[in-house]
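The lines below spell out each chain.
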Amino acid sequence: MRRSSLIWVIAVAGLTASLCISPSAAKQSAQETASFSKYLRIPGAKPVGSETCATCHTEVAKNFQHAYHAQQGISCEGCHGPGSLHVDGGGDISKIISLRKRSATDANGVCLSCHAQDQSTRHWASGVHAANQVRCIDCHQVHASGVTSAQNGTARFDTATRGALNAALVSPETNTIVQSRLVSNDSCLKCHQTERAQLSMPYHHPLREGKMSCVDCHDAHGGASGHNLKTANVNELCLGCHAQYRGPFAYQHPPVSENCLSCHSPHGSPNTNLLSVSEPALCLQCHTGHHNGAGLPIADRCTNCHSSIHGTDVATPSGGSRFVDKGQWGVPSEPVQPPVGSAS
């Protein structure tokens, strides 16, 4: 009985706390949105409606009907501001919001007037793209120009139109993400040329093949750590896929626990297993006195013997571990011997 009463008290307290916090969180979100609304103001201008815009911008208005923003009820003036002064001025560009002619801060402020509430942009202000004055429209297309681009083969990254790029001839209005990874990767690599070159090396993560995307590891809107990574550190990111190296092992290899990038080059390498330096030179950077017993440098790969280099539970007679491979019962594997008396 006492336990049931305690559970009831905790439930009521939790509900009360949520009711108190929710209005506060909603108020903060509304304040963030309002702080960006200044980027949409044009003093003295009044809305004229999208039909008026279409009289001059016919092709843009036609394509915009297929855009994701249009599907959500966003009009021309929702991004470009009220257009009365622009119309009265005979198309005076200074009387309308032109994102391409604005600074990165002002142009992005227009987008953030709506998207500041999005969870995906919560790290934008602290990200490297914002610090380097990258504009949203440098990567995203707002108008549905992807419909035309899909037909002439000059398409680029376009999340605004979602399915319009690859399904333009079927259903441009589709709200299904069918964006090719190759297309989205190219949006990043048009600026990140060093990474493009690394991905052309013999050993690389399969971005060229369209099996991975840059956004599998990076958050373009600002990650939780350096280099816009989606996780707090490098190892957490790598071990999300390469879970077999997570451990814990009885004998840990210190570089593995510290940083995967101590040995690996993630975007591409001329060496197997994405090693930043080929073996044995990589290992000899730390194990400088290691040799083959005759005082000569090792001429072969260290991992030919130390195959469990990421960590092992197998001890060696001298104590500790030399990261030898595990056998069937957790001991170093040995060649299978033929039964006595069997034919060779």
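Here the structure is a predicted model, which means the values were calculated and not measured.

1. Some words on the environment of Gly268
Inspection of the secondary structure assignment puts Gly268 in the loop between α13 (254-258) and α14 (281-284). Separated by 62 residues in sequence, Gly268 and Pro206 have C-alpha atoms that sit 9.6 Å apart. In contact with Gly268, other than residues within four places in its own chain, are Gln198, Met201, Tyr203, His204 and Leu274.

2. As for the nonpolar core
In terms of nonpolar packing, the biggest core is built from 10 residues, these being Tyr39, Ile42, Ala45, Cys79, Ile96, Ile97, Leu99, Ala107, Val110 and Ile137. Leave out the neighbours within four places in its chain, and Ile96 touches Ile42, His80, Gly81, Pro82, Gly83 and His86. Ranked by size, the runner-up nonpolar core spans 5 residues in total, among them Leu199, Leu207, Met212 and Cys214.

3. Digging into the pattern of salt bridges
All chains considered together, the criterion is met by 2 salt bridges. The partner of Asp138 in a salt bridge is Arg135, and the shortest N-O contact between them spans 3.6 Å. Of the residues examined, Arg135 reaches a relative accessible area of 15% and is grouped as buried. For the salt bridge of Asp186 with Arg196, the shortest nitrogen-to-oxygen distance reads 2.9 Å.

4. As for the environment of Val314
Assignment of secondary structure puts Val314 in the segment after β2 (311-312). Residues Val314 and Phe249, spaced 65 residues apart in sequence, show a C-alpha to C-alpha distance of 9.2 Å.

5. Side note on unusual backbone geometry
Of the consecutive residues Gly247 and Pro248, the connecting peptide bond is found in the cis state with omega at 5 degrees. Mapped onto the elements, Pro248 comes out in the loop between α12 (234-239) and β1 (251-252). Look at the link from Glu279 to Pro280: it is a cis peptide, with omega at 0 degrees. Note that Pro280 resides in the loop between α13 and α14. In this model, Gln133 sits at a positive phi of 60 degrees, which is unusual for a non-glycine residue. As for its placement among the helices and strands, Gln133 is situated in the loop between α8 (128-131) and α9 (146-152). On the basis of relative accessible area, Gln133 is assigned to the partly exposed category, the value being 46%. The backbone of His227 shows a phi angle near 60 degrees, a positive value even though the residue is not glycine.

What counts, and where the lines are drawn
- Residues numbered from 1 in each chain as written.
- Predicted model: local features only at pLDDT ≥ 70, side-chain atom pairs only at ≥ 80, totals over all residues.
- Heavy atoms only, no water.
- Helix = DSSP H or I, 4+ residues; strand = E, 2+ residues; numbered from the N terminus.
- Contact = heavy atoms within 4.5 Å.
- Core = buried A, V, L, I, M, F, W, Y, C linked by side-chain atoms within 4.5 Å.
- Buried < 20%, exposed > 50% of the residue type's maximum accessible area, 1.4 Å probe, protein only.
- Salt bridge = Lys/Arg side-chain N within 4 Å of Asp/Glu carboxyl O.

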